[in-house]
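So the chains spell out like this:
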Amino acid sequence: MSLFKKFAGRFNILNEAIRLIPVVSRNTGPSTYYKLFRMAQGMKDGNVYTGPRKVEIYPTLNCNARCLACWRYSPLNKGDLPPKDSYLPKDIFLKAVDGLAELGTEEIAFSGGGEPFLHPDIFEIIERIKKRGLSCSVYTNLIPLKGSDVKRLVELGVDHLTCSIWAGDAQTYVKTHPGFSEKTFEKVKRTLMEIKNIKERLGVAKPEISINNVIFNRNYRTIGKMIDFGFEVGANKMRFTPADVVTGGTESLALSEEQKKELAEIMAEYNLDSSVVKMMKRGDSEMLFVDLPQFTGRVEYEGDVSYDHDVIENIACTIGWSFLIIYPNGDVIPCCVGNGYPMGNLLTNSIKEIWQSTRYRRFRQNARDMDKRDPYFKNIDCLRRCDNLVEITYYNKTLKDPMASFLITFFSTFSKILGKLPERSLDLIFSIKMPPLKDIGGYSLPLDIGKRDSYIPFDELKRMGVFLDETGGDRARRLRENYSKRLRTKERD
């Protein structure tokens, strides 16, 4: 084993492997690398060898708040609200969790258009997720949680809580959360403080707390208070996101040109420029600010198509191999904006059957190879918006790297030699302590090893190439050119 370590250190293979992995769990072992590179192999040859690395589940569309900038529940929007009994049935929920664990999924995140903690069986389901060895994240407004719930969250080992706050003081909270009083803000604050205190008392790091602040013209001046609030409650990360205004609804919340300039000055005051990631320290506390380039870019952008339009149009989409979403009605959705094109439904088929279905295989290959203006994507409208772009771009870069090709070939050959040896056995065969990260600057998506984090600059995303092989970007460009020629021919006729 020492000889293998010496060889790996000399040629930097393990460090290169770590560098190329888009998201590495804290319990990283060789089997994780094996699964990720098997996934990458499928992206190259069109097959599917593993399950999705991350799955988002929308436990319910029911919500206890009507946040002002919400695309679904804002009182400024028109239209009917989803029924309050829109819950994913517990038996279907648990079967999906078990099925995903068997497929090799590493993380399940509860999010969506409702409040996950309103699902009546949410803690039982979290317990099943953790027993199956998966990472668990929850996107929440924290309002439904009681004291006993908070303790249980920590005891169950929930990995991440992303908390939607949108304010750093009670007055702003009331402005952005119609129908709630300042007492609600104080309750949310007490909940976060209780999580902090329990973690300190038990000597644990989980759950990691991220605070998400949607920014619009009612709260942009209070960013300083949001930062103060984050440090006070012990947040690990903070993210600012511009409100996605809904036509005919929340347009009145959009920032004016003068307000955008003022916002830029506020961000500069706190040294939150367009760098990929900023670490701010106060005393013994530190908080990471993430996705700053995306925030500033989208605030400044004006246009009828996505800010990311050029990147989306010139990249091979690989989301069909690494990610999916499950809706409360059982629909399995292939990406964050693919709700108009479900791949199947858990009420009639298992998650494994849907994942390996002909319909899903067709989606993967079309998303990877076809022009996004093709009628196939009409119900997805990729060019308008892509919420999976960073992950897609990273896999494109990974497959382009010669070291990735080497490792894909290595793991493929290794698995053939050993036959159908369970992937988890690789941890026993390669019981190696991974070396520390080297040269992690300039890469995207968090590389979570210990407390180390690194992200890709958004400007670099635009400069990245696409697949070098015939099944990826080159073919996609040719298809796009042919599609444009057909359109011009039809216009002449």
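Since we're looking at a predicted model, the values are computed, not measured. (Residues numbered from 1 in each chain as written. Predicted model: local features only at pLDDT ≥ 70, side-chain atom pairs only at ≥ 80, totals over all residues. Heavy atoms only, no water.)

1. Focus on the side chain of D149
Then, in step 1: Inspection of the secondary structure puts D149 in helix α6 (residues 147-156).
Then, in step 2: Judged by relative accessible area, which is 13%, D149 ranks as buried.
Then, in step 3: At 3.0 Å, the side chain of D149 and the backbone nitrogen of K146 are in polar contact.
Then, in step 4: Residue contacts for D149: discarding those within four places in its chain leaves F123 and P144. (Helix = DSSP H or I, 4+ residues; strand = E, 2+ residues; numbered from the N terminus. Buried < 20%, exposed > 50% of the residue type's maximum accessible area, 1.4 Å probe, protein only. Polar contact = N/O pair within 3.5 Å; in protein donor to acceptor, adjacent residues only side chain to side chain. Contact = heavy atoms within 4.5 Å.)

2. Some details on the sheet that holds strand β10 (residues 331-333)
Strands belonging to one sheet form pairs held by backbone hydrogen bonds; the direction of such a pair is parallel or antiparallel.
Then, in step 1: Pairing is mixed in the open sheet, where eleven strands are placed in the order β7-β8-β6-β5-β4-β3-β2-β1-β9-β10-β11. The strands lining the two open edges of the sheet, one partner per strand, are β7 (277-282) and β11 (344-345).
Then, in step 2: Judged from the six bridges that link them, strand β5 (residues 208-215) and strand β6 (residues 237-242) form a sheet pairing that is parallel. Among the inter-strand pairings, N212 is bridged to a residue of β6, identified as R239. (Pairing = 2+ DSSP bridges.)

3. What to know about the pairing of strand β1 (residues 54-57)
Side-chain positions along a regular strand alternate between the two faces of the sheet.
Then, in step 1: Of the two faces of β1, the one carrying K54 and E56 and the one carrying V55 and I57 are both buried.
Then, in step 2: Bridging between β1 and strand β9 (residues 323-326) involves four bridges; their strand directions are parallel. Looking at β9, one finds that K54 is bridged to F323.

4. As for the environment of Y327
Then, in step 1: Mapped onto the secondary structure, Y327 falls in the loop between β9 and β10.
Then, in step 2: Relative accessible area serves as the criterion here: at 17%, Y327 is assigned to the buried category.
Then, in step 3: Remark: the alpha-carbon pair of Y327 and Y58, spanning 269 residues in sequence, is separated by 5.1 Å.
Then, in step 4: Leaving out residues up to four positions away in the same chain, Y327 has contacts with Y58, L88, I333 and N339.

5. Things to note about the pattern of salt bridges
A side chain with one charge may pair with a side chain of the opposite charge, provided their charged atoms come close.
Then, in step 1: Summed over the entire model, instances satisfying the criterion amount to 17 salt bridges.
Then, in step 2: Measuring nitrogen to oxygen at the nearest pair gives 2.8 Å for the salt bridge that ties E262 to R221. Taken together, the positions of E262 in helix α10 (residues 257-269) and R221 in the loop between β5 and α9 (223-232) put the pair 41 residues apart, joining distant regions of the chain.
Then, in step 3: Look at E262 and you get partly exposed, because its relative accessible area is 26%.
Then, in step 4: Between E257 and K260 there is a salt bridge, with its nearest N and O atoms 3.5 Å apart. Here the residue E257 and the residue K260 both occupy positions in helix α10, the gap between them amounting to three residues, near one helical turn.
Then, in step 5: The buried category is assigned to K260, whose relative accessible area is 16%.
Then, in step 6: Salt bridges sharing common partners tie together D98, R128 and R132. (Salt bridge = Lys/Arg side-chain N within 4 Å of Asp/Glu carboxyl O.)

6. Notes on unusual backbone geometry
The phi torsion of most residues other than glycine is negative, and most of the peptide bonds are trans.
Then, in step 1: In the segment running from K206 into P207, the intervening peptide bond is cis, with an omega of 0°.
Then, in step 2: Tracing the chain through its elements places P207 in the loop between α8 (182-202) and β5.
Then, in step 3: A positive phi angle is found at L142, which is not glycine, with a value near 70°.
Then, in step 4: Mapped onto the secondary structure, L142 falls in the loop between β3 (135-140) and α6.
Then, in step 5: For L142, a relative accessible area of 0% corresponds to the buried category.
Then, in step 6: The phi angle at W166 is positive, at roughly 70°, despite the residue not being glycine.
Then, in step 7: Along the chain, the position of W166 falls in the loop between β4 (160-164) and α7 (170-176).

7. Considering the confidence of the model for the protein
Then, in step 1: Across the protein, the average pLDDT comes to 77, with 69% of residues at 70 or higher.
Then, in step 2: Throughout residues 1-29 the model reports pLDDT below 50, and contacts reaching past four residues in sequence, or to other chains, amount to 65 contacts. (pLDDT = per-residue confidence, 0-100.)

8. Concerning the nonpolar core
Then, in step 1: Core analysis: the largest hydrophobic core is formed by 114 residues, its most contacted members being F110, I126, I227, F240 and I326.
Then, in step 2: The greatest single-element share of this core, amounting to eight residues, is contributed by helix α4 (residues 90-103).
Then, in step 3: Excluding residues that lie within four positions of it along the chain, I326 makes contacts with V55, E56, I57, Y58, L88, A96, L100, D331, V332, L346 and I351. (Core = buried A, V, L, I, M, F, W, Y, C linked by side-chain atoms within 4.5 Å.)

9. Comments concerning the side chain of N217
Then, in step 1: Looking at the element boundaries, N217 is found in the loop between β5 and α9.
Then, in step 2: Only 3.4 Å separates the side chain of N217 from the side chain of R218, close enough to count as a polar contact.
Then, in step 3: Each residue touching N217, except ones within four places of it in the same chain, is listed here: S252, L253, A254, L255 and Q259.

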